[in-house]
Amino acid sequence: MGGGAQANTIVSPASELGMCAPNDEIIVVGGYTNTELLAHTPAPCDDPARCGVHVLRQCGVTGRLTHLSTNAIGPNVAFIVRSPTNPSILYASTERIDDEGEIITLRLTPEFRLVEETRIKAGGRSTCYLNFNASREWMMAVNYWDARVSMVKLGKDGRPDIEAGQDPRSVLQQPGADYVDRTKPTREEHWKFRQRWPHSHCCVTEPYAGLVHFVVDLGLDKVFTYRVNSKTGTLVPKGSTRLPPGKGPRHLVFHPSVRSVYLVNELDSTVSVFKVNIPEEWTTPYQWDSGACREDGCEEPGAVLELAQCLSSLPESEQGKTTISPQGIWKAASHSSEIRMHPDGRYFAVGNRGHDSIALYSVDQSDGTIALVDIVKSGGECPRNFNWTCRGKFLVVGNQNTNCMATMSFDEASGALKIVHKAAGVTSPNYVYAIPARELPSLISNADDFGGALPAIAA
């Protein structure tokens, strides 16, 4: 499935577009389009005409979601992020295990449609995460299936600085991931043996110096650390931290002020809390090779990621439960999905696929330790992704297998989450990216390119 605003783009009537208030949000939702190409097994897309990337508007007062468009972009857009240097560009990545994933450059029109500008190879299969180095000259693309992390040069306008179809500048593959190239495993093998080979899942930059990048690998139970040589566009290994076996780490988030990081473990549905002990020599500007490369275990004192705490994301009655999948695979009854820090740093949320819930934790602002506040149902099946919106007033959840979105209101005083609105007909939502409506003038900065005016923003 190719470009953006095509004949089968679904757009709500103009009357539904209305006027965006400054406290509204524009929400871009990735959606699966061809589940046969995926490593995992979401519910199939029953109506191809409604598959693709969705654009919604959220009312900043009530949390209500209004569908604006569905755009035939794919296959399987699974990560979306705005350019850090050109606010009119969105990047999206695609997931497939039969071939390399791709990185797509998108623009939003005044009619709230997405238009594809460029498309390049991602350097690996099942491209699931994008990030940038400190100079914003390089994009890092994480590929789950073959545990490759590739580097893409960006031009001054934020667009990839290579011809469409060319390979990224450099590609790093985790040790042991050549298993994919040697044996050509099937996704059925992957379902049975989630940790038979490496699976890199995300790349997150620490917020203190903004120079050290943490790559989480589900298959190896490790978190790798890198610097980026901005001259050559290569990843420079700094070390790795071993986790207890069988965790299956997925995503992590740093606390904005306390030196702590929070890691959601997919396979055992837990959250690990670590003290962050980055060697000072790793953060020297332009000294990419400074400091020895080190490997440590998270339970060792002084480890780069020093384990402080580990809590379940499930109710006690659900912990350790197993089930047989529709494919006949014995597995855990629930797997953790996303982790998102609240904007004020006092809470974060974790998703549970299977139990179909959102777990909310409070964060001690002195030492970064956590306490479980509540676990609430997600409003549908398989809450794969979600995000805080309207400066933390709401949590918007994508329930992948029931094709619906749920808005939860959030009470910062009590930590209470409550569903206040559900929107059906959002096919296979797998990623939730929110943009404040007040930023629309920069998001759609060249309306003449589309032959129309900018969306109205009410005073």
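Model, not experiment: these values are computed from the prediction.

Some thoughts on the nonpolar core
- Of all hydrophobic cores here, the largest spans 78 residues; its most connected members are Leu114, Phe214, Leu252 and Leu440.
- If you tally residues by element for this core, the top one is strand 10 (residues 138-143), at five residues.
- Setting aside anything within four residues of it in sequence, one finds Phe214 in contact with Cys202, Cys203, Val204, Glu206, Val223, Phe224, Thr225, Leu252, Phe254, Ile278, Val304 and Leu305.
- Ranked by size, the runner-up nonpolar core spans 14 residues in total, among them Tyr262, Val264, Phe348 and Ile370.

A look at the sheet that holds strand 9 (residues 127-132)
- Read from one edge of the open sheet, four strands run 9-10-11-12, paired in antiparallel fashion. A single partner strand is all that each edge strand has here, and the edge strands are strand 9 and strand 12 (170-173). Direction aside, the axes of adjacent strands within the sheet are offset by 20° on average.
- Looking at chain direction, strand 11 (residues 148-153) and strand 12 are connected through four bridges and run antiparallel. Counterpart to Ser150 in the pairing with strand 12 is Val171.

Structural notes on the pairing of strand 16 (residues 234-242)
- Pairing geometry for strand 15 (residues 222-229) and strand 16, over eight bridges, is antiparallel. Residue Arg227 lies in a different strand from strand 16, and its bridge partner there is Val236.
- In the sheet, strand 16 pairs with strand 20 (residues 294-297) via four bridges, with the strands oriented parallel. The residue of strand 20 that forms the bridge with Ser240 is Glu295.

Regarding the environment of Val29
- Relative to the helices and strands, Val29 is located in strand 2 (residues 25-31).
- Here the alpha-carbon distance between Val29 and Tyr431, two residues 402 residues apart in the chain, equals 5.4 Å.

Concerning the environment of Gly354
- Assignment of secondary structure puts Gly354 in the loop between strand 25 (347-353) and strand 26 (357-363).
- Residue classification places Gly354 among the partly exposed positions, given a relative accessible area of 47%.
- Separated by 23 residues in sequence, Gly354 and Lys377 place their C-alpha atoms 11 Å apart.
- Excluding residues within four positions of it along the chain, Gly354 makes contact with Ala333 and Ser334.

Points about unusual backbone geometry
- For the peptide bond that leads from Gly74 to Pro75, omega is 5°, which places it in the cis range.
- You can see Pro75 is positioned in the loop between strand 4 (65-71) and strand 5 (77-82).
- Notably, Ala147 is not glycine yet its phi reads approximately 50°, a positive angle.
- As for its placement among the helices and strands, Ala147 is situated in the loop between strand 10 and strand 11.
- With a relative accessible area of 0%, Ala147 lands in the buried category.
- Phi at Asp221 takes a positive value of approximately 55°, unusual for a residue other than glycine.
- Among the secondary structure elements, Asp221 is positioned in the loop between strand 14 (213-217) and strand 15.

What about the layout of surface pockets?
- Its boundaries defined by the atoms lining it, the second largest pocket holds a volume of some 1,000 Å³.
- Taken together, 40 residues line the second largest pocket, and the ones lying closest to its centre are His40, Thr41, Pro42, Lys331 and His335.
- Secondary-structure elements contributing two or more residues to the lining of the second largest pocket are helix 3 (187-192), strand 22 (322-324) and strand 23 (330-332).
- Considering each element in turn, the lining of the second largest pocket owes the most residues, four residues, to helix 3.
- Broken down by class, the residue content of the lining of the second largest pocket amounts to 15 nonpolar, 13 polar and twelve charged.

Overview of the side chain of Asn131
- For Asn131, the location among the structural elements is in strand 9.
- A polar contact of 3.0 Å, which involves the side chain of Asn131, links it to the backbone oxygen of Cys203.
- Engagement of the side chain of Asn131 in a polar contact is seen with the side chain of Thr205, the distance being 2.9 Å.
- With residues up to four places along the chain from it excluded, the contact list for Asn131 reads Trp138, Met139, Met140, Cys203, Val204, Thr205 and His213.

A few points about the pairing of strand 29 (residues 394-399)
- Summarising burial for strand 29: six of the six residues are buried, a large majority.
- Taking every second residue as pointing to the same face, both faces of strand 29 are buried, with Phe394, Val396 and Gly398 on one and Leu395, Val397 and Asn399 on the other.
- Examined bridge by bridge, strand 28 (residues 383-389) and strand 29 share six bridges and lie antiparallel to one another. Residue pairing in the sheet places Trp388 in a bridge with Leu395 of strand 29.
- Hairpin geometry of strand 28 and strand 29 is characterised by an intervening segment of four residues between the two adjacent antiparallel strands and by a positive phi of about 50° at Cys390.
- Here strand 29 runs beside strand 30 (residues 404-411); their pairing, made up of six bridges, is antiparallel.

Each value, and the rule that gives it
- Residues numbered from 1 in each chain as written.
- Predicted model: local features only at pLDDT ≥ 70, side-chain atom pairs only at ≥ 80, totals over all residues.
- Heavy atoms only, no water.
- Core = buried A, V, L, I, M, F, W, Y, C linked by side-chain atoms within 4.5 Å.
- Buried < 20%, exposed > 50% of the residue type's maximum accessible area, 1.4 Å probe, protein only.
- Helix = DSSP H or I, 4+ residues; strand = E, 2+ residues; numbered from the N terminus.
- Contact = heavy atoms within 4.5 Å.
- Pairing = 2+ DSSP bridges.
- Axes fitted to C-alpha atoms, helices over the stretch in contact; angles between N-to-C directions.
- 1 Å grid on protein atoms, 1.4 Å probe; cavity = no way out; pocket = protein on both sides within 12 Å on 5 of 7 lines; lining within 4 Å.
- Points joined across faces, edges and corners; volume = space filled by probe spheres on them.
- Nonpolar A, V, L, I, M, F, W, Y, C, P; charged D, E, K, R; others polar.
- Polar contact = N/O pair within 3.5 Å; in protein donor to acceptor, adjacent residues only side chain to side chain.

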